[in-house]
Amino acid sequence: PPYPADDGQKIVVFNSQNKTPNAVLSQSFTTVPNQGYTLTFAQGATAWQSNLEQRLQVDVQGNTPRLSQALSVFAQGTGTWYTARTLSFVADSSTTTLTFTDTSPATTNTDMLLDNVKVVPVTGPVITSQPQSVTVQEGHQASFSVTANGQGTLTYQWRYNGNPIPSATADTYTIASVQNADAGDYDVVVTDDNGN
């Protein structure tokens, strides 16, 4: 049957007609070692009276594994639904292979869809481990950290509610004794030779 596209022109349909989940889609492409890339795509589910989970394993392989992520969407009755996905990786070879594997637990009356796959170079560093939210009691220590890869020397600037924190220019930021006034939004801007 025809499936509605999310934003692309060619849709990949996994496990059509209740087939056992075992489909694999793989493609190799040229990359620049140490360059960051953003992978975007739309993962969808189309169903008839089903709420089944559809699971997609996404792997990016260069000389070593660059990315490995399992992503799920759920059918919502009858119809088609898409979820936009954005993942990042840093290449370590001149050729990289992207593989999508259907690992859905069941497929009765449900098909998984993949549409609008794009891989684009990042103009700036790639954050490989984002800072995590923390909650601590007053008087205790709070620490934030970030991990990034990029071209040349990386620099860091931590911010509090959007304003730069003086001397907070390392890949970690620690508040030794948290006070109520320290509650707020913290983030970090990472810069390399190509941007931030």
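Here the structure is a predicted model, which is why all the values come from computation and not from measurement. (Residues numbered from 1 in each chain as written. Predicted model: local features only at pLDDT ≥ 70, side-chain atom pairs only at ≥ 80, totals over all residues. Heavy atoms only, no water.)

A. Representation of the nonpolar core within the structure. Membership of the largest hydrophobic core comes to 16 residues, with the highest contact counts inside it found for Leu39, Phe41, Leu56, Val58, Leu87 and Phe100. In contact with Leu87, not counting residues within four places along its chain, are Tyr37, Thr38, Leu39, Phe41, Val58, Leu67, Gln69 and Leu71. Residues Ala148, Trp158, Ile165 and Tyr186 belong to the second largest nonpolar core, which totals 14 residues. (Core = buried A, V, L, I, M, F, W, Y, C linked by side-chain atoms within 4.5 Å. Buried < 20%, exposed > 50% of the residue type's maximum accessible area, 1.4 Å probe, protein only. Contact = heavy atoms within 4.5 Å.)

B. Seen up close, the side chain of Glu53. Within the element layout of this structure, Glu53 appears in strand S4 (residues 53-61). Of the polar contacts made by the side chain of Glu53, one reaches the side chain of Arg55; its length is 3.1 Å. A polar atom in the side chain of Glu53 sits 2.5 Å from the side chain of Ser72. Those residues in contact with Glu53 that lie beyond four places of it in its chain are Ser72, Val73, Phe74, Ser104, Pro105 and Ala106. (Helix = DSSP H or I, 4+ residues; strand = E, 2+ residues; numbered from the N terminus. Polar contact = N/O pair within 3.5 Å; in protein donor to acceptor, adjacent residues only side chain to side chain.)

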